[in-house]
Amino acid sequence: MYLHRSKALLLFFVIFLSWIWPAGHASALDLASAVAAVPNPRAESRTWVADPANAIRLGRDEINGLIQAHETQSGVEIAVVVLPTIGEFIPKEFATALFNHWAVGKKGQDNGVLVLHVLDQRRIEIETGYGLEGNLPDVKCHWIVEDIAIPFFKQGSFSDGHYEIARALITGIGNPDAERQTLTGHSARAPGTRVDSPPEPYELPYSHASLGDFHSDSPLSALSIISLGSGLFMLLLWPVLSHRHRLVHPDPLDQLDHFRKRAWLVKAGAAAIVVALLAWEWQSLASQWSVLFVFPGGFLVRRYRARRLARLRDQPRLDPNTGEAMRRLNEADDDAYLLAGQVCEENLGAKDYDVWVSPSGFYRVEQYDGAHGFEACEKCSFHTLRKIGTRIIDPPTTNAQGLAEDSFTCAHCGYAKVVKRSLPSLASSSSDGSSSGGESFGGGSSGGGGAGGSY
Ligand SMILES: [Zn+2]
């Protein structure tokens, strides 16, 4: 009977996996993977310019110095990203996703700007955080694109163009009422005065194949396959082992015990499947949401376990000496066969006892788990010890742990004890204001404001 359940379980996982497989190449996940592959200049060199192909090596240090000086003074974070290609992604979507992935701008202030320049698409995008949409509205970004980016980039003056873009952004942020002429009319050099050398050969740090279709060309990583295989094997081994055990040991109680002792197989199997999913996601660089689908699987396994245990518990027992069928006593009658502590456990709900009696007079007491929250008493050893109260001696503060006392009393023998425990200190409110010494951007977000243009 329960072998059917294992088949149902297997079927469930096959359906489950075939369902989440194609999720790996949904375009939203691919975009997240692609932006995650762009080198983060804060993390790698504590600078503000990501230029993996050296396309603006002529002016990169100057641009970085300008942005750094402004950030020190105002806290505004400006990221400049020059990429030879982003494959087939749309620059605007890429810019918004990269902005939010890096969290450009200070947390809570959202005072970040991201300039994305995609060379092969001849495209510039200026992405602004929510906090700058007042000082740097889309129209100002549009002026900067039209008056600076396009003329400079058309002439191949990428370094000078980016320098002037950064300068104009800073002017605009500092002067909310700046006119178009103030913002864009003061270039130090004319477009075409300095032309950058071509970028170095550049390959996408992610391949479209690896983001693509698992059904056809991209195999799962070895880790995924091994984990998935061993996970499913362990899940199926559980009912198989318990079936084999039943052939040798027909006593339901013995089977029950065996079934419970082998439950680690399910935990290990489930863990291996989670590892497989994570490894698979890792390879596809997709986000890890699909792991959430493990929970319905866990629910089904728990239900299988509960039903199996209930069936074994209810299965008629045979007198081991005479082979006669035994009878299970009801809750009122079984008290006569139980110790006072066991009756107390049963009344509390901490444990549940079944008493089976044979016509010959032989009887057996079986113990089952009840509610949580009861501990074994150190004096009488019944599971009748429970927490009756907590007293806070020292409340925790933001920089120190607190102290509390838990009181326990045994409902059977009256034993009482008090246990001290420390309370974790309160989470301090993070101070992410002006300090930018960290390994990344400050934590800002963008809603998609800004402007873009092609040259
Ligand atoms: Zn006790």
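Residues numbered from 1 in each chain as written. Predicted model: local features only at pLDDT ≥ 70, side-chain atom pairs only at ≥ 80, totals over all residues. Heavy atoms only, no water.

Student: How do you make sense of the overall build of the protein chain when you look at a structure like this?
Tutor: Within the protein chain one finds 15 helices and twelve strands. Here the protein chain holds 455 residues, and 44% of them are scored as buried. (Helix = DSSP H or I, 4+ residues; strand = E, 2+ residues; numbered from the N terminus. Buried < 20%, exposed > 50% of the residue type's maximum accessible area, 1.4 Å probe, protein only.)

Student: Help me understand helix H10 (residues 222–248), please; the structure alone is not making it clear to me.
Tutor: Under the 1.5 Å per step criterion, the end-to-end length of H10 is 38 Å for 27 residues, consistent within 8% with the ideal 39 Å. Along H10, the sharpest kink reaches roughly 30°, centred on leucine 237 and followed within four residues by the proline proline 239. Listing the buried residues of H10 in full gives Ser224, Ser227, Leu228, Gly231, Leu232, Met234, Leu235, Trp238, Pro239, Ser242 and His245. (Expected span 1.5 Å × (residues − 1). Bend = angle between axes of the 7 residues up to and from the residue.)

Student: I'm lost on unusual backbone geometry in this one. Help?
Tutor: Trans is the prevailing form of peptide bonds, just as negative phi is the prevailing case for residues other than glycine. Its identity as a non-glycine residue notwithstanding, asparagine 54 has a phi of 55°, on the positive side. Relative to the helices and strands, asparagine 54 is located in the loop between strand E1 (49–50) and helix H4 (60–74). Of note in the backbone geometry, alanine 103 takes a positive phi value of approximately 60° without being a glycine. Note on placement: alanine 103 falls in the loop between helix H5 (91–102) and strand E3 (112–118). Given the relative accessible area of 16%, alanine 103 is considered buried.

Student: What is the right way to read the side chain of glutamate 127 from this model?
Tutor: The topology assignment puts glutamate 127 in strand E4 (residues 123–128). Overall, glutamate 127 belongs to the buried group, its relative accessible area being 0%. In terms of polar contacts, glutamate 127 uses its side chain to reach the side chain of threonine 96, at 2.9 Å. Those residues in contact with glutamate 127 that sit more than four places away from it in its chain are Lys92, Ala95, Thr96, Phe99, Gly112, Val113, Leu114, Ser446, Gly448 and Gly449. (Polar contact = N/O pair within 3.5 Å; in protein donor to acceptor, adjacent residues only side chain to side chain. Contact = heavy atoms within 4.5 Å.)

Student: Explain the sheet that holds strand E10 (residues 402–410) to me, please; I cannot follow it from the model alone.
Tutor: The strands making up a sheet associate through backbone hydrogen bonding, with each pair oriented either parallel or antiparallel. Overall, antiparallel pairing links the four strands, which are arranged E8-E9-E10-E11 in an open sheet. Pairing within the sheet leaves two strands with one partner each, and these edge strands are strand E8 (374–375) and strand E11 (416–423). Across eight bridges, strand E9 (residues 385–394) lies against E10 in antiparallel orientation. Counterpart to glycine 389 in the pairing with E10 is serine 407. (Pairing = 2+ DSSP bridges.)

Student: Where do I start with the packing of helix H6 (residues 138–154) against helix H7 (residues 158–174) in this structure?
Tutor: Describing two packed helices takes the angle between their axes plus the distance from one axis to the other. Closest axis-to-axis distance for the H6/H7 pair is 9 Å, and the angle between their directions is 160°. Here H6 lies roughly antiparallel to H7, going by the angle between them. Between H6 and H7 the crossing geometry is right-handed. Residues Lys140, Ile144, Ile148, Ala149, Phe152 and Phe153 of H6 form the contact with H7, whose own contacting residues are Phe158, Asp160, Gly161, His162, Glu164, Ile165, Ala168, Leu169 and Gly172. Residues that form the contact of H6 with H7 fall into these classes: nine nonpolar, three polar and three charged. (Axes fitted to C-alpha atoms, helices over the stretch in contact; angles between N-to-C directions. Parallel < 35°, antiparallel > 145°, perpendicular 65-115°, else oblique. Left-handed = near helix turned anticlockwise from the far one by under 90°. Nonpolar A, V, L, I, M, F, W, Y, C, P; charged D, E, K, R; others polar.)

Student: I'm lost on the sheet that holds E3 in this one. Help?
Tutor: Taken in spatial order, the five strands make up an open sheet running E1-E2-E3-E4-E12, and their pairing is mixed. Both outer strands of the open sheet, E1 and strand E12 (449–454), are each paired with one neighbouring strand and no more. Two strands pair when backbone bridges link them, and E3 and E4 are joined in this way by six bridges, in the antiparallel orientation. Within E4, the position partnered with valine 113 by the bridge is threonine 128. Each of E1 and strand E2 (77–83) touches H4; the most contacted strand, E2, lies at about 160° to it. Each of E2, E3 and E4 touches H7; the most contacted strand, E3, lies at about 160° to it.

Student: In this structure, what is going on with the pattern of salt bridges? I would like to understand it.
Tutor: Where charged atoms from two side chains of opposite charge approach closely, those side chains can pair. Inspection of the entire model under this criterion finds 26 salt bridges. Arginine 167 serves as the salt-bridge partner of glutamate 164, at 2.9 Å between the closest nitrogen and oxygen. Residue glutamate 164 and its partner arginine 167 are both found in helix H7; the two are separated by three residues, about one turn of the helix. A single burial state applies to glutamate 164 and to arginine 167, both of which are buried. In this structure, aspartate 354 and arginine 313 form a salt bridge, with 2.8 Å as the shortest nitrogen-oxygen distance. (Salt bridge = Lys/Arg side-chain N within 4 Å of Asp/Glu carboxyl O.)

Student: Would you mind going over the pairing of E4 with me for this structure?
Tutor: On a regular strand, one side chain projects to one face of the sheet and the next to the other, so that they alternate. Taken across its six residues, E4 has five buried, putting it largely inside the fold. The antiparallel hairpin formed by E3 and E4 contains four residues in its connecting segment, where arginine 122 sits at a positive phi of about 50°. Pairing of E4 with E12, which is carried by six bridges, proceeds in the antiparallel orientation. In the sheet register, arginine 123 faces E12, and the bridge partner there is serine 454.

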